[in-house]
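# Per-entry structural report
Listed here are the chains, written in short residue letters.
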Amino acid sequence: MNKTEQSPGQLGFAESRLANDPPLRAVRAFEAIARLGSVTLAAQELQISPSAVSHQLKVLEEYLQLPLTERQGRRLILSPQGRDYYRSIRAAFNVLRQATEHLVEQVQTRQVTISLIPLFGMGWFIPRLPGFMRANPQTEINVVYANHRNYLSDASDMSIRFGNGQWAGYQSEKLISGQMVPVCSRAFLRLHGHIDTPEQLLQMPLLHDEERVTWQQWFIQQGVKRPPRRSGPMFEDGLLTLAGVQAGLGCALMREPLIAPYLESGELVKIFDLPIDDGRDYYLCARQDGEMTQDGKLLQGWLRRVAGVSDGLN
């Protein structure tokens, strides 16, 4: 072994610590003193002696070259610098505690985390979720956002992803179609009158979800030679586009399975039953390097059944 190589056992704490990385045991002792207001109480929580707590406090003060506490009679109180430091580190310790509690709860409550796009959650997943919860009351569902522009990785047990079904490190199977149909609000129709032909849509304000080319492709597909205006509001995602349609801003191409509740209620109207497919659908995905829990398998199976797809991930 040359001089630059050392085994892990030969590396002391100070040597392996990053630059500006404080002595964490001493920081932990100080946080307990500041939070509990007493060296004795801090020692009880940390299960060490009061003298050991005082020693750790001295270690941290020497490291910072600042007094973090001061005597007020027989009491030990925080110095101005100590109060500032405690305010800064308190949030970090809260994050650590919450992360630990979350991990314990996951094990104890059989939690399953699923990530999905907001509109998919609002329009498809959540309206159907009560059925799963009634059948599986022991399983806790944790629903988090997924950003379909950044699908490199996530910490969820499974995800509903939007795209072509190909993501490195993930198994996927098509869950529901991503076909789009032209829609508007019922209030919009009352204001502008009935729309009988695709050509009439050219005169209407058009809303755009992510990009402006899809409307042009739809008109070409319907045999309308005159291209539509490339004007009108453009929204970052389907949820914002939905809000624009609900507000009566115009007509939009929206993915029909996700707006079914709004069509059924009559709030939105499908102008024509003429869909367009841009090659993107919604996929049920799971990491290839992880073993799905039993509760995760229950949720996967339920998703397949309600979507009417065959069992098995690609």
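A few points on the structure.

Cut-offs applied
Residues numbered from 1 in each chain as written. Predicted model: local features only at pLDDT ≥ 70, side-chain atom pairs only at ≥ 80, totals over all residues. Heavy atoms only, no water. Helix = DSSP H or I, 4+ residues; strand = E, 2+ residues; numbered from the N terminus. Buried < 20%, exposed > 50% of the residue type's maximum accessible area, 1.4 Å probe, protein only. Contact = heavy atoms within 4.5 Å. Axes fitted to C-alpha atoms, helices over the stretch in contact; angles between N-to-C directions. Parallel < 35°, antiparallel > 145°, perpendicular 65-115°, else oblique. Core = buried A, V, L, I, M, F, W, Y, C linked by side-chain atoms within 4.5 Å. Arc of directions from axis to C-beta. Polar contact = N/O pair within 3.5 Å; in protein donor to acceptor, adjacent residues only side chain to side chain.

Scanning the protein from N- to C-terminus turns up 12 helices and 12 strands. Across the 314 residues that make up the protein, the buried fraction comes to 39%. A separation of at least 24 residues holds for 70% of the contacts in the protein among residues at least 6 apart in sequence.

A word on the packing of helix H3 (residues 39-46) against helix H4 (residues 50-64). Contact pair H3 / H4: the axes reach a minimum separation of 8 Å and the direction vectors enclose 105 degrees. Put simply, H3 runs roughly perpendicular to H4. Residues Val39, Ala42, Ala43 and Leu46 of H3 lie in contact with H4, whose contacting residues are Pro50, Val53 and Ser54.

A few words now on the nonpolar core. Counting 35 residues, the largest nonpolar core has Ile114, Phe120, Phe125, Ile160, Leu299 and Leu303 as its most contacted members. Of the residues forming this core, the biggest block, six residues, is contributed by helix H6 (residues 118-135). With sequence-adjacent residues up to four places away left out, phenylalanine 125 is seen in contact with Ile114, Leu116, Phe120, Ile141, Val143, Trp302 and Leu303.

Bringing the environment of leucine 202 into the picture now. Looking at where leucine 202 falls in the secondary structure, it is placed in the loop between helix H8 (198-201) and strand S8 (208-209). Each C-alpha atom, one on leucine 202 and one on tryptophan 215, is 9.9 Å from the other, the two residues being 13 residues apart in sequence. Those residues in contact with leucine 202 that lie beyond four places of it in its chain are Phe219, Val224, Arg226, Pro227, Pro228 and Arg229.

Listed in full, the buried residues belonging to H3 are Val39, Ala42 and Ala43. Buried residues of H3, viewed axially, fall in a sector of 100 degrees; they line one side. Elements that come into contact with the buried residues of H3 comprise helix H2 (24-36), H4 and strand S2 (75-78). One side-chain oxygen of the residue at the start of H3 lies 3.1 Å from the amide nitrogen of threonine 40, identifying that residue as serine 38. Phi turns positive, to about 60 degrees, at glutamine 47, one or two residues after H3.

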